[in-house]
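Chain by chain, the residues:
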Amino acid sequence: MIEGESPRAVALAAAGDAISDDSDSSLAEEETENATRGLTYRVSNGKVKLLEGGMGQFVGLVERRLERARREQDKVSSGG
């Protein structure tokens, strides 16, 4: 949630896609054009860090963490 921003506009700006429903497409395009890009922060180990890469960087961090967790789970499951 970004303070002072429409959640829908932020979601559309982050996704870079307009809503496929024709009745809402002009509204979605207008909200996307007027939306300001928010900042993405990561809270880890009691510290707050600005992610320069935005949500894309955050998603990458989460994907790497999940992959490590899967490898650890596979190691435990295989008895290694």
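Reading the values: the criteria
- Residues numbered from 1 in each chain as written.
- Predicted model: local features only at pLDDT ≥ 70, side-chain atom pairs only at ≥ 80, totals over all residues.
- Heavy atoms only, no water.
- Helix = DSSP H or I, 4+ residues; strand = E, 2+ residues; numbered from the N terminus.
- Contact = heavy atoms within 4.5 Å.
- Areas by Shrake-Rupley, 256 points an atom, 1.4 Å probe, with all protein chains shown as cover.
- Pairing = 2+ DSSP bridges.
- Expected span 1.5 Å × (residues − 1).
- pLDDT = per-residue confidence, 0-100.

## Observations regarding the overall build of the chain
Then, number 1: Within the chain one finds 3 helices and 2 strands.
Then, number 2: Ordered by position from N to C terminus, the α and β elements of the chain give α-α-β-β-α.
Then, number 3: Sequence separation of 24 or more characterises 10% of the internal contacts of the chain that already satisfy a separation of 6 or more.
Then, number 4: On the chain, roughly 6600 Å² of surface is accessible, and the fraction owed to carbon and sulfur atoms is 50%.

## A short note on the pairing of strand β2 (residues 47-51)
Then, number 1: Judged from the 5 bridges that link them, strand β1 (residues 40-44) and β2 form a sheet pairing that is antiparallel. From the neighbouring strand, Arg-42 faces β2, where its bridge partner is Lys-49.
Then, number 2: Linkage of β1 to β2, two consecutive antiparallel strands, is achieved through a turn of 2 residues, within which Asn-45 is found at a positive phi near 55°.

## Quick look at helix α3 (residues 54-77)
Then, number 1: The terminal C-alpha atoms of α3 lie 35 Å apart, and with 24 residues this matches the ideal 34 Å at 1.5 Å per residue to within 8%.
Then, number 2: Looking at the residues trailing α3, positive phi occurs at Gly-79, about 80°.

## Remarks on the confidence of the model for the chain
Then, number 1: Per-chain confidence: the chain averages 80 in pLDDT, with 65% of residues scoring 70 or above.
Then, number 2: Mean pLDDT values over the elements of the chain span from 64, in helix α2 (residues 22-34), up to 95, in β2.

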